[in-house]
Amino acid sequence: MLQSRPLAIGIHDLVVGFGRQIVLDHLSLDVYEGEIIGLVGASGGGKSVLLRTIVGLIAKRSGRIIVLNIDADASADVETSAIGRRWGVLFQQGALFSSLTALQNVQFPMREHLAISRELMDEIALTKLEMVGISRADADKFPSELSGGMTKRVALARALALDPEIVFLDEPTSGLDPIAAGDFDSLIKTLQRTLGLTVFMVTHDLDSLYTVCDRIAALANGKIVASGSMTEILASPHPWVQAYFRGARALTRGQPPAERR
Amino acid sequence: MSTPLLTQTTGPEGLRLEARGAWTASHAQAADSLAEQGFAQTRGSTSIVVDLAALDRLDTYGAFLIGRLIRRFQEVGTRVSMTDGSARFKALLDATDEAATRGPAPARSGKPRFAALETIGRAVPQFGVDLMSFAEMLGALSAALIRSVAHPRRFRLTSVIHHLDRVGWQAMPIMLLISFLIGAIIAQQGIFHFRKFGADVYVVDLVAVLVLREIAVLLISIMSAGRSGSSYTAELGSMKMREEIDALRTMGLDPVEILLLPRVLAIVIAVPILTFFGSIAALYGGGLVSWLYGGMSPAVFVSRLQEAVSISSFKVGMIKAPFMALVIGVIACSEGLRVKGSAESLGQHTTSSVVKAIFLVIVLDGLFAVFFAAIGV
């Protein structure tokens, strides 16, 4: 039933490498509109490379990437740059502009892409910051004055500033305490439900995978070795997938709360 | 995409506001003025029905605007209800509503009226702070130097050599070239003007005294502040930004000993050497121009040179060099450590490192001039 939905991202036979090393080897992956897909893989296994290739930060060797029906290779430059306002990217370290306050960071894409008044921009940006849990008192702080968790939230608010159709999240919950990570997850879920967002999430957080992801894709040896719902993934015979989800750390999860606490 | 609309109708249940079209980010400004108008036109009524059933699309921008409209109605005492058709947007409306009403409205501070005066006011105590941090840095460096002398094994010779290579050896070509050119220019100007009085030969005195006493050391110091001092500040500043310096401290290591002392020592060694070679290059430039442009043979130039300058002129120039270098090094390091988290702050401190260093080098040169005049050298 998933297959009947329109594609948000289609990746076919993607090859990406640096020098002699091939990181992504004929990788194919489909992401459907309105779903939250979680990408898992070993550290250094190319998850972030895949994400950065999709958003055009890393050049691919071959293959095809179609995002929101636009193929960067076959489209005019105008179209490819216009796509920048239809997606939002949350980088692992936040990548906030260090010379702008939290509020100005969120307003930056609005200022560049939308013709709206200063007052409205202030109000909307503050609302967006509140939505991700940043109070007004913290809105005028500079990135160097924000904690790691707050930086992530501000970065998410900036990624969502233009109400994009797709958000790419690179390890959104890493470095957050479990409560904050849970809040972050439910925030993403709420936004996805209310806005009909497509979320492409690179994560190692098993809780996130269990609670928010509609579909999971496992990346190993440069290929997607398994994809589907959590049950389908758990049924996969691939040894790496088995080790990841059936390992010691994973086994303590997904059990009733009474046993866990 | 369709433009947003807000229509008023009077139905059986009273006044009805119906939103249509796309209330999204790209139409936010239009939707904003629609909401303002809608509110202004209907603010007198007692109850209002908001109907979102005919909306094409709604995102957080639209949801915020509709939420704000509803809140305004409620503030003036109008009862607001939603039609059933609006239910599909309820989650989004609730989410933005909750966020928008969580804190007090932002208070935007206006521009201070006497901003320029305020800047000057703040700069005055800042001068004292600068002086203190200079003294602190000098003290920390001296303490580190004494510790290194006491425990020679802790002294980072490799690091000193590395920095000496960067600020001394690698700086040599450009320093020599500039000194050579300045020497040549002074000689040319001297010949041009002295010729009117038939005093061509005194151009040697001009070049030799000026270059050896003042020009070479000033030129090299200013160039070093711009070339090496700025790179010290930028390096230390970015280490500070990335918490590398904090990491050193937590390992029980002293950043002053590991990072600052080798840099400052390297520049203190490099500047006198550069000054010496710079002086020679400037004299060579002066001599070459005197020969080619002034028609003074090298033999005459050299014999005149021996008469014109005493060893004390040379010493006056050279004695200043290490002090200039120390000022440059200390300023560069203390500015580097004062960098805060942002890229902008890094730029600011690098600029102020160079500006302060050049300023202090010239002030110091003036003080030396007064001192040497007083002792009659």
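The structure presented is a predicted model; accordingly, all values stated were derived computationally and were not measured.

(A) Representation of the interface of chain B and chain A within the structure. Facing the 27 residues of chain B at the interface are 27 residues of chain A. Here chain B and chain A share one salt bridge between them. Here R68 of chain B makes a salt bridge to E123 of chain A, at a shortest N to O gap of 2.6 Å. At the junction of chain B and chain A, the tally comes to six residue pairs in polar contact (both at pLDDT 80 or more). Put simply, the parts of the chain that give the side of chain B that touches chain A at least two residues each are α1 (28-42), α2 (60-75), α3 (90-100) and α12 (343-375) of chain B. Here the side of chain B that touches chain A takes six residues from α3 of chain B, the largest share from any one element. Residues that form the side of chain B that touches chain A fall into these classes: 14 nonpolar, seven polar and six charged.

(B) Up close: the sheet that holds strand β6 (residues 87-90) of chain A. Residue and element names in this part refer to chain A. What the six strands build is an open sheet, ordered β6-β7-β8-β3-β9-β10; its pairing is mixed. Each edge of the sheet is formed by a strand with only one pairing partner; in this case those strands are β6 and β10 (223-228). Within the sheet, the average angular offset between the axes of one strand and its neighbour, ignoring direction, is 15°. Sheet topology note: the strand β9 (residues 215-220)/β10 ladder contains five bridges and is antiparallel. What sits directly across from L219, in β10, is I224. Sheet strands in contact with helix α6 (residues 148-159) are β6 and β7 (166-170), and its direction is about 165° off that of β6.

(C) Looking closely at a nonpolar patch on the surface. Taken together, the side chains of I269, I273, F276, F277 and I280 of chain B make up a nonpolar region of the molecular surface, amounting to roughly 410 Å² of accessible area. Assignment of secondary structure puts I280 of chain B in helix α9 (residues 255-292).

(D) Representation of the environment of L346 of chain B in the model. Residue and element names in this part refer to chain B. Structurally, L346 can be placed in helix α12. Distance from L346 to K240, taken between C-alpha atoms, is 9.7 Å for residues 106 residues apart in sequence. If we ignore the near neighbours within four places in the chain, the residues touching L346 are T233, A234, G237, S238, M241 and V339.

(E) Region of the structure containing the pattern of salt bridges. The full count for this structure, using the stated rule, is 28 salt bridges over all chains. Of the charged contacts in the structure, one is a salt bridge between R136 of chain A and E130 of chain A, with a shortest N-O distance of 3.6 Å. An identical accessibility class is assigned to R136 of chain A and E130 of chain A; each is buried. Beyond isolated ion pairs, a larger network of salt bridges with shared partners links E123 of chain A together with D32, E36, R68 and R72 of chain B.

(F) Structural detail: the sheet that holds strand β4 (residues 62-67) of chain A. All names here are of chain A. Sheet architecture is open: four strands sit in the order β2-β1-β4-β5, paired in antiparallel fashion. Whereas interior strands pair on both sides, the edge strands pair on one side only; in this sheet they are β2 (21-32) and β5 (70-71). Here strand β1 (residues 7-18) pairs with β4 via five bridges, running antiparallel. Along β4, the bridge assignment pairs I11 with I65. Contacts between helix α1 (residues 47-54) and the sheet are confined to β1, β2 and β4, with β1 contributing the most and set at about 115° to the helix.

(G) Highlighting the packing of aromatic side chains. The full count for this structure, using the stated rule, is twelve aromatic pairs over all chains. Aromatic pair W87 of chain A and F168 of chain A: ring centres 5.8 Å apart, planes at 85°, arrangement edge-to-face. Separated by 81 residues along the polypeptide, W87 of chain A in strand β6 and F168 of chain A in strand β7 bring together distant segments of the chain. For the pair W87 of chain A and F168 of chain A, a shared accessibility class is recorded, and that class is buried. An angle of 75° between the planes, with centres 6.0 Å apart, marks the rings of F276 of chain B and F314 of chain B as edge-to-face.

Rules behind the numbers
Residues numbered from 1 in each chain as written. Chains lettered and ligands numbered in written order. Predicted model: local features only at pLDDT ≥ 70, side-chain atom pairs only at ≥ 80, totals over all residues. Heavy atoms only, no water. Contact = heavy atoms within 4.5 Å. Salt bridge = Lys/Arg side-chain N within 4 Å of Asp/Glu carboxyl O. Polar contact = N/O pair within 3.5 Å; in protein donor to acceptor, adjacent residues only side chain to side chain. Helix = DSSP H or I, 4+ residues; strand = E, 2+ residues; numbered from the N terminus. Nonpolar A, V, L, I, M, F, W, Y, C, P; charged D, E, K, R; others polar. Pairing = 2+ DSSP bridges. Axes fitted to C-alpha atoms, helices over the stretch in contact; angles between N-to-C directions. Patch = residues over 30% accessible without salt bridge, like charges linked within 9 Å, V, L, I, M, F, W, Y side chains within 5 Å. Areas by Shrake-Rupley, 256 points an atom, 1.4 Å probe, with all protein chains shown as cover. Buried < 20%, exposed > 50% of the residue type's maximum accessible area, 1.4 Å probe, protein only. Phe/Tyr/Trp six-rings, centres within 6.5 Å; stacked < 30°, edge-to-face > 60°.

Read these as layout, nothing more, since geometry by itself doesn't imply function.
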